[in-house]
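# Close look at the chain arrangement
These are the residues of each chain, in order.
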Amino acid sequence: MAPIGEAYFPPLDRCFSGELQLLSWKSTYVALTQLGEESDNGSLKRHLTDPQTIDLLARSFSPYSTPTSQTKSSFETKTSAINVTPSAHALYDIKQIQEDTLWLSKETKIDEVSALRIVVLEWQTRSAALLLRGSPGDQVISSKEGRGAIQFQTSFFDPGSSLLAKSSLLGDASPSLEEDGARRQRLLETYLSERRYILKTSEYITFAALCHTDEGYGKAADQGQDRSVLLEVVGGSILSAWSLEESAKGTRKSVVVDAVEALRARFEALEKGSGWLQGEGVQEEIEFAWARNQLVEAIHIMRIVLNLLESSSKIMKAPAILSWFRLMNECGFFESVQLPLPTLQGQFDIPLQSLAALVSLAILQPWKALDLLMQSSTAAASMTNPAEVGPYILSSAAVNEINDILMGVAPLRVPSPAVLAWGIIMQTLRETALNTRELREVRQSLRAADRYGAADSSDTDGGDRPSGTSLASLRRRSSTGSDTSQQSTLLEEIYDTVAIAGIDGDPIFYLANNAVGGNKVFDFMEAVSVQYCTPYGFEHGGKPGQKMRALFLELIRASLRSIEYMPALIKTTIAVITGSERYWDALDRPIDLTRTAPTAIFLRDSVLRPQLFLQAAARFPYESQPFLNFCRALAFDNNGRDGMEHAIFSILDGLDTFTCPMPVEFLAYRNVRTQEESDHIELTDVLTFTIGPPTEKSMALSLKPSKRPQTSAENNQSVRSHEIPSGTQGEIQNDSKPFIVAWNQEHSGLNYIGKVLQCASNVDDLHKNSSDSTFSLDIVGDIISLITSLLSSVVRGSSLGQISNDTIEMAQTILGSASDGLDRNQDIVSVIFDIFERELFRNRKTSEDVEYVEILVQCIHFTYALLPLMPDRVWPFLGRSGLLGIGRDESQLTAVVTTQELTLGRYDFLLGCIRLYDGLVEDAVAHVVSRKTPTKAVARFSNVNSPGAGASQTAMERVLLSFTRMMIEVFESIINWKFLERLDRMEINSWLCSIFNRVVGYCFDVNDIPDLSQKLTRTLAPSAEYIIDVFLSSSSNDVTVLPFLHILGEGITTPTTTLPTRHVQYWTAQVKEVLSLASTLIRVNQLLQLPPSYLEDQMFKAASVLAKVYAAHESYKLPVGDLFDALVRSAAATGQQPPSLLGHL
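The shown structure was predicted, so the numbers you read here are calculated from the model rather than taken from an experiment.

Helix and strand counts for the protein chain come out as 49 helices and eight strands. Expressed as a percentage of the 1145 residues in the protein chain, the buried residues total 56%. In the protein chain, 77% of the contacts between residues at least 6 apart in sequence involve partners at least 24 apart. When the accessible surface of the protein chain is split by element, carbon and sulfur atoms take 50% of a total near 48,100 Å².

Shown next, in the form of structure tokens:
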């Protein structure tokens, strides 16, 4: 145990006097992840660099030592009268603290000094806990006073409300924490929290340190350079105490073995129970908290192991890998976890099963094992090392035991990735061993033939003996390779033992068939990528999730030795590449982290790219969706950096095959290259493929001879076509008619999909063509999404996010390629806008809502991506679009949300419009100077040096004001909406508060001119004035205040889980944003010298709620303090008697 440092545990007298505060591990983690550089990090740095802190983080699997006589002596010294003076008037009771320490040490079996720190930490946070447990009756009285006649019976202030019921901290106003039972329950809860957050902090810091080996990671750190260096230093110290390999002398075990032992101890303890507070009424409650803590700790331990394995360049040794698979075999890979408490059943299935699969795959390291097998093909059996020394794959005993375990669990779903990987390893082992054996047998046959020939020659020559030189040469030749060519190799012996121990039939086929059969492994990898890797791996800019998905990508790469191109494999690969990232998630991800993203790995790989992506390209447009989805997934991160100069655009714009079905009567070809096995044909006439709106009796994609005259009906339908010249050769892909032919023709895929979109814009109802491979809703949506991804990639690749002329030129090239085959009076932008308008006004049916809303969402994404590149196209379109309905009776934005999204409970379209509103606000500010220059007419896609210079200020003001009015209506009414995912409401609230805050800030932070129309940001003036009129009204309108109070109520019930998800992120984000908005509005009210607003009055009356929010989460402290400061300053500035803040508290 490291010596106790003052930064980790200061002297007790300084803690009790308030001079120093103990830093809990929860506060440490929150400070690392959520507090920015503007906060004071001196105490955090001292805490993390303390030797005792580093020692605890390095021993995070079991951080606290057991009691000893030495720890008892240290405890007595630390609490002695010479160090802590007893006083009847002190806020602490040293005798009670000593008793509680000894009780906690005995109950939890930890050393007395660690128990003392937990007891002091509980004493230090007791006031906050009492505040959060405060009397609900007081809240109801205060809220009723603030709301006048309206009763808050259904709000968070009511003790019977849903929000209070979900909060363990608010659900019980008694007993007092000063009572022994309640206080000791709090001590146990604090102990569990400290254990949990030690593990989580260790996981977070070590992952950051491991990632620092990747070039450019420090630049992408959100917390800045100082925080990045701190993580690297502390993480390096922790990692130096860990090792994946056992030391040669056995003085230090592998960290994997330690982790497995820690996991086993927790799972065994779950069956026995904690044994805490026996016979007391709260035992069931504390037992639930303890059992939940065991599972969460197990998840963090597996995450740490996974992080270490992902960064390891060495193959695991047998003891470590066997310990892991033995444990997983005993637990059934968590396939059907049976927990002692039914209330916990199913809560942690996703993380437990996902990590069991990921660690099992990572610990096998199939890609490294395959390389080692190839290198060891000639190793002699006598060269094998004991199981504890060499790599596991060269240990016969280890290979046999792993094989037995994975053969036994092969029918299960969770271990299917490991089973597939093991099958690939065993297949390579068999091929290598049998090839080696065959070569040895051939050499032995040749050697025997040589000897027989030599003996026969000797007899023929009358028994002449060879000369001495010849005899010596023969002896050298016989001795050469005698040990290696006549004895079995190591891999042969390993394979022989595995084959003997296997079940009836081929064990390798059994493994592969169980994994791949019914697409089990593909479905499972897709589910883990979508449900676990992305939602639970968003920290560090999403890098944990990316690295986990990269493991699956490596498995797919290895499986291509045996598995051919198939739909299930393509679908899974795309899911592994993208995870469950939405467009906005990918857009907000740090740019530098894309270097090691699965997309970057895929594009650079010499196996994945040709066997999957280029294969999909060769099948386009006959099979459009796989290729479009690949391009969309890969284009977003292909921003032209690292030598990959927009590879997706280059491939799309220069396809070398055009694959399509041929009509049965098609005869305009002749056979060529008949000597080859495949069927090749050559066109004897020009073929024109008609791409046009489908009729009742024709396909959307049809073939007609070029000499047939077009009818007037075809001309009226704006027929688009693709021509293949005479003499073009192609390869028939199938054996029966209609033939599918891959023509060897270079063409632009962008040009083709542009034509498809224009034809789709002329289709009255895309839903009727859902079975059509060309004009289905999915295809049209995928095309729009692909163009959006290409444009977003260009913007993300620009230096520091600045839109340069080169960026605009690249975007124009992309849009120009997609527009080349369109009508002269249209381009791809106008085509997509036409589709958007058509879908906005379409008569919708309930059964079709989801598909059509998705098309609208894709069009909104496209508009957002186009905004920074061509704002002069976006602003006028929005001014005349039915989306906002400016000058019309109804906005289609309101219509779509109220008639469809409210019914479905999903708000992707609304969120897209909110992000577009945010982009418009930022564009109005970013180009405020360039728009002062004279507007000049420009041709389509011509070079525009000043983006946005041609947009009308009046039109911009109307667009922004319309958005502002609608979004305030959303903010005021969203409390009562139906949501399938609570996260959606929190995300919407967070963005709306942020945008309102920035609109007001941009107008009032520039200078002190009271007339907003005279300011540089006057475009935002009408919107800012409307926000002020609504929220700073003096009338007692509860509708405008209720959203603030509701979000603050949710802030009190902020979850304290250490399992990071988007849910927690947006929960805290919405609270911080609403606090910041309230502070800004109150300060603006003071600046404009307006009478006190109803919002300000309610904030005073909700002071006790704000105090609870302050205590609920570390990240709320600064914004709550800022709001209190604004309230006090505003009250002091009025000529009236200011309200008493202390009185309301």
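Let's shift gears to the packing of helix α38 (residues 871–880) against helix α41 (residues 953–973). Look at α38 against α41: their axes get within 9 Å of each other, and the N-to-C directions meet at 60°. It follows that α38 is oblique to α41 by the angle criterion. The crossing of α38 and α41 is left-handed. Contacts between α38 and α41 involve Trp-875, Leu-878 and Gly-879 on the former and, on the latter, Met-956, Val-959, Leu-960 and Phe-963. Taken together, the residues of the contact of α38 with α41 sort by class into six nonpolar, one polar and no charged.

Most peptide bonds take the trans form, and the phi angle of most residues other than glycine is negative. The step from Phe-620 to Pro-621 runs through a cis peptide bond, and the omega angle for that step is 5°. As for its position among the elements, Pro-621 is in the loop between α29 (608–618) and α30 (624–635). At Phe-333, a position not held by glycine, the phi torsion is positive, near 55°. Mapping Phe-333 onto the fold places it in the loop between α15 (318–331) and α16 (349–364). For Phe-334, which is not glycine, the phi dihedral falls at a positive 60°. Phe-334 gets classed as buried once you look at its relative accessible area, which sits at 3%.

So, on to a nonpolar patch on the surface. The grouping of Val-929, Val-1006 and Leu-1016 at the surface amounts to a nonpolar patch, some 250 Å² of accessible area in total. Tracing the backbone through its elements, the reader meets Val-929 in the loop between α40 (908–926) and α41.

Here we take up the packing of aromatic side chains. Centre distance and the angle of the planes are the two values used to describe a pair of aromatic rings. By the definition in use, this model includes 32 aromatic pairs. Arranged with centres 6.2 Å apart and planes meeting at 15°, the rings of Phe-61 and Trp-242 form a pair that is stacked. Taken together, the residues span a long stretch of sequence, with Phe-61 in the loop between α4 (51–58) and α5 (69–78) and Trp-242 in the loop between α12 (225–240) and α13 (255–272) at a distance of 181 residues. According to the relative accessible area criterion, Phe-61 is buried, its value standing at 11%. We classify Trp-242 as buried; its relative accessible area is 11%. One aromatic cluster is present, formed by Phe-602, Phe-613, Phe-620, Phe-627, Phe-630, Phe-658 and Tyr-752 through successive ring pairs. The residue whose ring lies beneath Arg-117 is Tyr-8, and the NZ or CZ to ring-centre distance is 4.0 Å.

The rules behind these values
Residues numbered from 1 in each chain as written. Predicted model: local features only at pLDDT ≥ 70, side-chain atom pairs only at ≥ 80, totals over all residues. Heavy atoms only, no water. Helix = DSSP H or I, 4+ residues; strand = E, 2+ residues; numbered from the N terminus. Buried < 20%, exposed > 50% of the residue type's maximum accessible area, 1.4 Å probe, protein only. Contact = heavy atoms within 4.5 Å. Areas by Shrake-Rupley, 256 points an atom, 1.4 Å probe, with all protein chains shown as cover. Axes fitted to C-alpha atoms, helices over the stretch in contact; angles between N-to-C directions. Parallel < 35°, antiparallel > 145°, perpendicular 65-115°, else oblique. Left-handed = near helix turned anticlockwise from the far one by under 90°. Nonpolar A, V, L, I, M, F, W, Y, C, P; charged D, E, K, R; others polar. Patch = residues over 30% accessible without salt bridge, like charges linked within 9 Å, V, L, I, M, F, W, Y side chains within 5 Å. Salt bridge = Lys/Arg side-chain N within 4 Å of Asp/Glu carboxyl O. Phe/Tyr/Trp six-rings, centres within 6.5 Å; stacked < 30°, edge-to-face > 60°. Lys NZ or Arg CZ within 6 Å of the ring centre and 35° of its normal.

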